[in-house]
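Commentary on secondary and tertiary structure
Here are the chains, one letter per residue:
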Amino acid sequence: MDETFYLLASFEYAADVQIIKGKLESEGIPVFLRDENTLNSDPLISNAIGGVKLQVYNKDKDRALEIYNEVRAYALDENNNPVKCPNCKAEKSEVYYNRKGLFYKLFPFFEKRKYKCLNCGIITNSK
């Protein structure tokens, strides 16, 4: 049995992951949450440790991605409209932080918000 994990997604708060976790488990996919208990005890350190990590077995990756993409919430702009990719015009983006450099690793809340298109992979700045 392949026991290695695939990181499906990260969530800022432990409560945010519960719907996806329940959906995946109802479809027979085992789910593992890394750092959930840490954030339940101190939610203010979420940015510092990268949030709750939702992991599945590598063998379940494709099916888990398919289910996750059906129910996931995509990034919204300041007017609550889906963020549109300037490259492919898809409305399937998520908030992206690259956390490069020591300063942004220590203080991730100073990094400007960017969006990553899940269709073409381009990373754009927020408007």
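Right above here is the structure, for reference.
Model, not experiment: these values are computed from the prediction. (Residues numbered from 1 in each chain as written. Predicted model: local features only at pLDDT ≥ 70, side-chain atom pairs only at ≥ 80, totals over all residues. Heavy atoms only, no water.)

Quick word on the overall build of the protein chain
Keep this limit in mind: We count a stretch as a helix when DSSP gives it H or I for four or more residues in a row; a strand needs E for two or more, and each element gets its number in order from the N terminus. Under the scheme applied here, a residue whose accessible area is under 20% of the maximum for its type counts as buried, over 50% as exposed, and between as partly exposed, the area being computed with a 1.4 Å probe on protein chains only. Note on contacts: a residue pair qualifies if any of its non-hydrogen atoms lie within 4.5 Å across the two residues. All accessibility values rest on the Shrake-Rupley procedure with a 1.4 Å probe; residue burial counts only the protein chains present in the view.
Within the protein chain, the regular secondary structure consists of 5 helices and 6 strands. Element order for the protein chain, N to C, with α for helix and β for strand: β-α-β-α-α-β-α-β-α-β-β. Considering the protein chain as a whole, with its 127 residues, one finds that 27% of them fall into the buried category. By sequence separation, contacts in the protein chain at least 24 residues apart represent 53% of the contacts at least 6 residues apart. Accessible area for the protein chain stands at about 8,400 Å²; split by element, carbon and sulfur atoms hold 50% of it.

Focus on the packing of aromatic side chains
Aromatic rings in a pair are described by how distant their centres are and how their planes are angled relative to each other. Selection criterion: The pairing test for Phe, Tyr and Trp rings, Trp by its six-membered ring, is centres within 6.5 Å, and the orientation test on the planes gives stacked under 30 degrees, edge-to-face over 60, and tilted for anything in between.
This model, assessed by the stated rule, comprises 4 aromatic pairs. Centroid distance Phe5 to Phe32: 4.9 Å. Interplanar angle 65°. Geometry classified as edge-to-face. Of this pair, Phe5 sits in strand 1 (residues 5-11) while Phe32 sits in strand 2 (residues 32-34); the two residues are 27 residues apart in sequence, bridging distant segments of the chain. By the ring-pair criterion, three or more aromatic residues cluster together here, those being Phe5, Phe32 and Tyr57.

Section: the sheet that holds strand 4 (residues 93-96)
Which entries qualify depends on this criterion: In short, DSSP must find at least two bridges between two strands for them to pair. Axis definition: a line fitted to C-alpha atoms, limited for helices to the stretch in contact. Angles are taken between N-to-C directions and run from 0 to 180 degrees.
Taken in spatial order, the 3 strands line up as 4-5-6 in an open sheet, and their pairing is antiparallel. Pairing within the sheet leaves two strands with one partner each, and these edge strands are strand 4 and strand 6 (123-125). Direction aside, neighbouring strands of the sheet carry axes that sit 35° apart on average. In the sheet, strand 4 pairs with strand 5 (residues 114-117) via 4 bridges, with the strands oriented antiparallel. Residue pairing for strand 5: Glu94 is matched across the bridge by Lys116.

So, helix 4 (residues 61-71)
Here is the rule we go by: Directions are taken from the helix axis to each C-beta atom, and the arc is the one they span.
Within the sequence span of helix 4, burial applies to Ala64, Ile67 and Tyr68. On an axial view of helix 4, the arc spanned by its buried residues comes to 100°, and they lie on one face. Exposed and oriented more than 90 degrees from the buried face of helix 4 are Asp62 and Glu70. At its buried positions, helix 4 is contacted by strand 1, helix 1 (18-26) and strand 3 (52-57).

Details of the environment of Asn37
With respect to the helices and strands, the residue Asn37 is situated in helix 2 (residues 36-41). Asn37 sits in the exposed class, given a relative accessible area of 61%. Sequence separation of Asn37 and Ala14 is 23 residues, and the distance between their C-alpha atoms is 8.2 Å.

Remember, this is a structural readout, not a statement about activity or role.
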